[in-house]
Amino acid sequence: MIAKLKGLLDETGTDWAVIDVGGVGYLVHCSARTLSALGETGEACTVYTDLQVSENDMRLLGFAEGSERDWFRLLTSVQGVGSKVALAILSALSTAEVQQACAGGDAAMVARANGVGPKLAGRIVNELKDKAGGLPAGEGGVVLAPKGGASADAVSALENLGFKPAVAAQAVAAAQGELGEGAGEGELIRIALKKAAG
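Residue numbers run consecutively from 1 along every chain, following the written order of its sequence. Residues qualify for local features only when their pLDDT is at least 70, as the model is predicted, and side-chain atom pairs are given and counted only at 80 or more; totals for whole chains, interfaces and linings, by contrast, use all residues. Working from all heavy atoms in the structure, the side-chain values ignore hydrogens and water.

1. Focus: the pattern of salt bridges
- We define a salt bridge as a contact between a side-chain nitrogen of Lys or Arg and a carboxyl oxygen of Asp or Glu at a distance within 4 Å. Under the definition given, this model contains three salt bridges.
- A salt bridge links E97 to R33, with the nearest nitrogen and oxygen atoms 3.7 Å apart. One end of the pair, E97, is in helix α4 (residues 95-104); the other, R33, is in helix α1 (residues 32-37), with 64 residues separating them in the sequence.
- Exposure is judged per residue with a 1.4 Å probe applied to protein chains only, and the accessible area is read against the type maximum: over 50% gives exposed, under 20% gives buried, and values in between give partly exposed. By relative accessible area, E97 is classed as partly exposed at 24%.
- With its nearest N and O atoms 2.9 Å apart, the salt bridge here joins D50 to R73. A residue pair is termed long-range when its members are at least 10 positions apart, and D50 in strand β4 (residues 44-54) and R73 in helix α2 (residues 66-76) qualify at 23 residues. Secondary structure is summarised from DSSP: a helix means a run of H or I of at least four residues, a strand means a run of E of at least two, and numbering begins at the N terminus for each.

So this is what it looks like as structure tokens:
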């Protein structure tokens, strides 16, 4: 599977981009946010990808950040949410906003995306509220596990054990809050495992 493309931005359309990697142009379907983050034609860019294969189609989806790809996968796990609807949601809302909407049960926020009615928005929020991957912060924001170091290694360890990325990030963030900034990887994994399993 193709997980990431690093090359030059060849051309763009309303919901796609062509990334030139060593002379091969990859057609990548993207959210509006990813398209705006790619930069100008001819510039170097990196996209995280997800390959979707169906009976009559093979489609490469591209994301500016790994977290956007994780949310795309979570969204498409909900019945009735295909790649177009998931990209529409990620075009209308940032990953932090999607996370906040799901954690707070705010279906109206998700329904702002094109093609998402109140019923589907409600289903998305209900199914993903336990997988929102963040903890409410003091001012309604979301606390994510920090990137790099022991926290990132602990999240990776939980993912390797079969936990979804959002669940792993939430558990490690909670463990970090309990143990403090100086916590080692082993301690974080031990506490995070209890939280993720519980």
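2. Observations regarding helix α3 (residues 83-92)
- Burial within α3 is extensive, with seven of its ten residues counted as buried.
- Within α3 the residues assigned to the buried category are S83, V85, A86, L87, A88, I89 and L90.

3. Focus: the packing of helix α8 (residues 165-179) against helix α9 (residues 185-197)
- The axes used here are C-alpha line fits, helices contributing only the stretch in contact, and every angle between their N-to-C directions lies in the interval 0 to 180 degrees. Where α8 contacts α9, the axes come no closer than 8 Å and their chain directions differ by 120°. Comparing their axes, α9 and α8 come out oblique. The crossing of α8 and α9 is right-handed. Note on element contacts: α9 touches α8 through E187, L188, I191, A192, K195 and A196, opposite V167, A171, V172, A174, A175, Q176, E178 and L179.
- Here the residues of the contact of α8 with α9 are counted per class, giving ten nonpolar, one polar and three charged. Should an angle fall under 35 degrees it is called roughly parallel, over 145 degrees roughly antiparallel, and 65 to 115 degrees roughly perpendicular, with every other angle called oblique. Throughout, a crossing is termed right-handed when the near helix is turned clockwise from the far one, and left-handed when it is turned anticlockwise from it by less than a right angle. When checking whether two residues touch, look at their non-hydrogen atoms; a contact exists if any pair is within 4.5 Å. When residues are sorted by character, Ala, Val, Leu, Ile, Met, Phe, Trp, Tyr, Cys and Pro go into the nonpolar class, Asp, Glu, Lys and Arg into the charged class, and all the rest, Gly among them, into the polar class.

4. As for the sheet that holds strand β5 (residues 57-63)
- Around the barrel, five strands lie side by side as β1-β2-β3-β5-β4; this closed barrel has mixed pairing. On average, adjacent strands in this sheet sit at an angle of 55° to one another, irrespective of strand direction.
- Where strand β1 (residues 4-12) meets strand β2 (residues 16-21), four bridges bridge the pair, whose relative direction is antiparallel. Pairing of E11 across the sheet is with V18, part of β2. By definition, two strands form a pair when at least two bridges between them are found by DSSP.

5. What about the pairing of β5?
- Judged from the two bridges that link them, strand β3 (residues 24-30) and β5 form a sheet pairing that is parallel. Each residue of the ladder has a partner; that of C30, found in β5, is G62.
- Where β4 folds back on β5, the antiparallel hairpin that results is connected by two residues.

6. As for the packing of aromatic side chains
- Only the six-membered ring of Trp is used, alongside the rings of Phe and Tyr, when aromatic pairs are assigned; centres must lie within 6.5 Å, and planes under 30 degrees apart are stacked while those over 60 apart are edge-to-face, with the rest tilted. A complete count under the given rule lists one aromatic pair for this structure.
- Here F63 and F72 contribute two aromatic rings whose centre-to-centre distance is 5.0 Å and whose plane-to-plane angle is 45°, an arrangement assigned as tilted.
- Residue class for F63 comes out buried when judged on its relative accessible area of 0%.
- Here F72 falls in the buried class, since its relative accessible area comes to 0%.

7. Details of α4
- Looking only at α4, the buried set comprises T95, V98, Q99, A101 and C102. The arc enclosing the buried residues of α4, seen along the axis, measures out at 165°, which places them on a common side.
- After α4 finishes, the residue G105 shows a positive phi value of roughly 65°. In this context, the arc is that of the directions from the helix axis out to the C-beta atoms.

8. Some thoughts on the packing of α2 against α3
- Running from amino to carboxyl end, α2 crosses α3 at an angle of 130°, the nearest separation of the two axes being 9 Å. As the angle between them shows, α2 and α3 are arranged oblique. Pair α2 / α3 crosses with right-handed handedness. Residues E68, W71, F72, L75 and T76 of α2 touch α3, and the partners they reach there are S83, A86, L87, I89 and L90.

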